[in-house]
Amino acid sequence: MVSERNMNKILCSTGALIGRSNGRDYRLLLPLAEQLSCDGLEFMMYSSWYEETKELLAVLADVPLPMPVMHCEKHIGEKISLGGEENIKEAFRLFEINCQIAENIQAEKLVIHLWDGMTSDRNFENNKRAYPQLAELAKAYGADLLVENVVCSCKTPMEHLAELTEEYPEVHFVFDTKMAEFHRQLTLFYGEEYAWLWKDDHIRHYHVNDYAGGYLDWSSLRTLPIGSGQIDFERFFGYVRRTGYQGTYTVEATAFRADGSVDIEMLNGQFRLIASFL
């Protein structure tokens, strides 16, 4: 384990290990997890696994690392964004399956893209209206629902986090460095205007990924390892330390290659680097 000296835990997203190039084969999680030197996993759900949840859970039960965080399948937020009775009903049906998986793997935190897809935040009122019922359902399954600062096509993530907090003061968030930098909002994160994010304990988890692109540069919206882009992580981790945060961080940097193999060495290097910052 890389972070035993404090309460911080460094996790690896299973989405960094499993992707199209290796057939999104969840059976690979067991041999891959055995090679990771992190504190645990953030389990990422894919839409292609809904019909195999029994088999999926059997595999996850044998994975040697804890999974304190689960990332909901992303089409849930997209359906909420689209709106309409059928889409909303289906979104909640799928969300409950995600909650059941989270409960089964004993995930305490449940990450959601509250808005997503081509519709993005165009119909944000749909997303905002759905939040309290989603949060209550997650709570019923023993998980704290965390809304991510997902990239937007209309407004900005920080604006929406503020809107959600105004409407629902108990809302909790996961803060993603790449998505913030895409909107050039990391400077806001460090400023007094948004200090309420940590002063009022809204941020309960971090995704730490680099970004190498310009403002709203959609062609560069890739999940990069720390050190492969332009984010000043020494400043970032220094600031987070000063806020007093003690919790979980997830590395999401894509590690699977075109041939399906996984760059375990890169990931283990990321865990060591983050541990040095902490």
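Only a predicted model underlies this, so the values are computations on that prediction, with no experimental measurement involved. (Residues numbered from 1 in each chain as written. Predicted model: local features only at pLDDT ≥ 70, side-chain atom pairs only at ≥ 80, totals over all residues. Heavy atoms only, no water.)

### Some points on the environment of G238
Applied cut-off: By the criteria applied, helices consist of DSSP H or I runs no shorter than four residues and strands consist of E runs no shorter than two, each listed in order from the N terminus. In this scheme, a residue with accessible area under 20% of its type's maximum is buried, one over 50% is exposed, and one in between is partly exposed, where area comes from a 1.4 Å probe on protein chains only.
Mapping G238 onto the fold places it in helix α10 (residues 233-243). Taking relative accessible area as the criterion, G238 reaches 6% and is therefore assigned buried. Along the chain, G238 and L278 lie 40 residues apart, while their C-alpha atoms are 8.1 Å from each other.

### Some remarks on the pattern of salt bridges
Rules: Any Lys or Arg side-chain nitrogen located within 4 Å of an Asp or Glu carboxyl oxygen qualifies as a salt bridge.
Inspection of the entire model under this criterion finds 10 salt bridges. Between D263 and R257 there is a salt bridge, and its shortest N-O distance comes to 3.7 Å. One network of salt bridges, with partners in common, ties together D25, R27 and E52.

### Re the environment of L11
Short version of the rule: Any two residues having at least one pair of non-hydrogen atoms within 4.5 Å are treated as being in contact.
With respect to the element layout, L11 can be found in strand β1 (residues 9-13). In the structure, L11 is positioned 54 residues away from L65 in sequence and 9.6 Å away in space, judged by C-alpha atoms. Setting aside residues up to four positions removed in sequence, L11 forms contacts with D39, G40, L41, E42, P68, V69, H205, T248, Y249, T250, V251 and F271.

### Re the packing of helix α5 (residues 124-140) against helix α6 (residues 157-167)
Basically, it comes down to this: Helix axes use the C-alpha atoms of the stretch in contact, all axes being lines fitted to C-alpha atoms, and the angles between their N-to-C directions lie in the range 0 to 180 degrees. Here the angle decides the label: under 35 degrees means roughly parallel, over 145 means roughly antiparallel, 65 to 115 means roughly perpendicular, and every other value means oblique. Should the near helix be turned anticlockwise from the far one by less than a right angle, the crossing is termed left-handed; should it be turned clockwise, right-handed. Three classes are used, and their members are as follows: Ala, Val, Leu, Ile, Met, Phe, Trp, Tyr, Cys and Pro are nonpolar, Asp, Glu, Lys and Arg are charged, and the others, Gly among them, are polar.
The N-to-C vectors of α5 and α6 enclose an angle of 40 degrees; their axes lie 11 Å apart at closest approach. Here α5 lies oblique to α6, going by the angle between them. Of the two elements, α5 crosses α6, and the hand of that crossing is right-handed. Counting all contacts with α5, which are made through F124, K128 and Y131, the residues of α6 involved are H160, E163, L164 and E167. Of the residues belonging to the contact of α5 with α6, the class tally is three nonpolar, one polar and three charged.

### Some words on helix α2 (residues 53-60)
Since the α-helix turns once every 3.6 residues, residues separated by three or four places project in the same direction. Note the cut-off: Working definition: the arc comes from the directions between the helix axis and the C-beta atoms, pointing outward to the latter.
Burial in α2 covers these residues: L56, L57, V59 and L60. Buried positions in α2, seen along its axis, are confined to an arc of 160 degrees and lie on one side of it. Buried residues belonging to α2 abut α1 (29-33), β2 (40-44) and α4 (85-104).

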